[in-house]
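As a plain string of letters, each chain reads:
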Amino acid sequence: MDTNSFWNVLLWSFWFFIWIAALMVWFRCLMDLFSDHELSGWAKAGWVILLIFVPWLGALIYLIARGRSMADRQMKIVAQQQAAQQEYIKQAAGSTASPAAQIADARALLDSGAINQTEFDSLKAKALA
């Protein structure tokens, strides 16, 4: 077999791409399997045995049988992560205080001499925005 011809290189590249894609699907099935908290241990063991001993067919059966619930679980995880991120941003930004409280805090800083009148005006404008 001549491995230097263009068509053989193209064919090997195609099979390599298929192999990588199959590995990605197989690992995605395993990751989804272990992230599903509603599935019993025996069911997980059965799926793992199927995915290990017959990987191509096992992954295909898994995608057919549980594909929709895979997407639902992924959407639920993404929504939880987004909610947690939004909550963190609110906490980090300190936007939970009312504008009046922010102005009062800025006034206390101005009275203590920690900031000047220009900085106070800037903080007040930001709180009212």
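These numbers were taken from a predicted model, which means no experiment stands behind them.

Draft legend 1. Local environment of the overall build of the chain. When you go through the chain residue by residue, the secondary structure sums to five helices and zero strands. In the chain, the succession of helices and strands from N to C terminus is α-α-α-α-α. Against the 2.2 N^0.38 benchmark of 14 Å for 129 residues, the chain shows a C-alpha radius of gyration of 28 Å, more extended than a compact globule. Its C-alpha atoms put the chain at 85 × 50 × 20 Å along the principal axes. Taken across its 129 residues, the chain has 19% of its residues classed as buried. Summarising the internal contacts of the chain: among those between residues at least 6 apart in sequence, 36% fall at separations of at least 24. Counting every atom, the chain has about 10000 Å² of accessible surface; 68% of that belongs to carbon and sulfur. Taking the 10 positively charged and 10 negatively charged side chains of the chain as two groups, their mean positions are separated by 6 Å.

Draft legend 2. Here's a closer look at the pattern of salt bridges. Applying the stated criterion across every chain yields a total of three salt bridges. The partner of Arg66 in a salt bridge is Asp36, with the nearest N and O atoms 2.4 Å apart. Taken together, the residues span a long stretch of sequence, with Arg66 in helix H3 (residues 55-93) and Asp36 in the loop between helix H1 (6-35) and helix H2 (41-53) at a distance of 30 residues. Using a relative accessible area of 5% as the deciding quantity, one classes Asp36 as buried. Here Asp36 ties to Arg73 by a salt bridge, and the two come within 3.6 Å at their closest N and O atoms. Pair noted here: Asp36 is in the loop between H1 and H2 and Arg73 is in helix H3, with a separation of 37 residues, a long-range link. Among the charged side chains, a network of salt bridges with common partners joins Asp32, Asp36, Arg66 and Arg73.

Draft legend 3. Representation of the packing of helix H4 (residues 99-112) against helix H5 (residues 117-128) in the model. One can describe the packing of H4 onto H5 by two numbers: an axis separation of 9 Å at closest approach and a directional angle of 175°. Classified by the interaxial angle, the pair formed by H4 and H5 is roughly antiparallel. Every residue of H5 that contacts H4 at Pro99, Gln102, Ile103, Ala106, Arg107 and Leu110 is listed here: Gln117, Phe120, Leu123, Lys124, Ala127 and Leu128. Residues of the contact of H4 with H5, tallied by class, amount to eight nonpolar, two polar and two charged.

Draft legend 4. A look at the nonpolar core. If you look at the biggest cluster of nonpolar residues, it comprises 11 residues: Trp26, Cys29, Leu30, Leu33, Leu39, Trp47, Val48, Leu51, Ala59, Tyr62 and Met70. In this structure, Ile103, Ala106, Ile115 and Phe120 belong to the second largest nonpolar core, which totals six residues.

Draft legend 5. Highlighting a nonpolar patch on the surface. A surface patch of nonpolar side chains, amounting to about 800 Å² of accessible area, comprises Ile49, Ile52, Phe53, Val54, Leu57, Leu60, Ile61 and Ile64. No other element matches H3, which puts four residues into the nonpolar patch. As for its position among the elements, Ile52 is in helix H2.

Draft legend 6. Spotlight on H3. With 39 residues, H3 extends just 48 Å between its outermost C-alpha atoms, more than 12% less than the 57 Å of an ideal straight helix rising 1.5 Å per residue. Taken as a whole, H3 carries its principal kink of about 70° at Arg66. All buried positions along H3 are accounted for by Gly58, Ala59, Tyr62, Arg66, Met70 and Arg73. Those residues of H3 that are buried lie in contact with H1 and H2.

Cut-offs used in this document
- Residues numbered from 1 in each chain as written.
- Predicted model: local features only at pLDDT ≥ 70, side-chain atom pairs only at ≥ 80, totals over all residues.
- Heavy atoms only, no water.
- Helix = DSSP H or I, 4+ residues; strand = E, 2+ residues; numbered from the N terminus.
- Rg over C-alpha atoms; globule rule 2.2 N^0.38 Å.
- Buried < 20%, exposed > 50% of the residue type's maximum accessible area, 1.4 Å probe, protein only.
- Contact = heavy atoms within 4.5 Å.
- Areas by Shrake-Rupley, 256 points an atom, 1.4 Å probe, with all protein chains shown as cover.
- Lys, Arg positive; Asp, Glu negative; His and termini not counted.
- Charge placed at Lys NZ, Arg CZ, Asp CG, Glu CD.
- Salt bridge = Lys/Arg side-chain N within 4 Å of Asp/Glu carboxyl O.
- Axes fitted to C-alpha atoms, helices over the stretch in contact; angles between N-to-C directions.
- Parallel < 35°, antiparallel > 145°, perpendicular 65-115°, else oblique.
- Nonpolar A, V, L, I, M, F, W, Y, C, P; charged D, E, K, R; others polar.
- Core = buried A, V, L, I, M, F, W, Y, C linked by side-chain atoms within 4.5 Å.
- Patch = residues over 30% accessible without salt bridge, like charges linked within 9 Å, V, L, I, M, F, W, Y side chains within 5 Å.
- Expected span 1.5 Å × (residues − 1).
- Bend = angle between axes of the 7 residues up to and from the residue.

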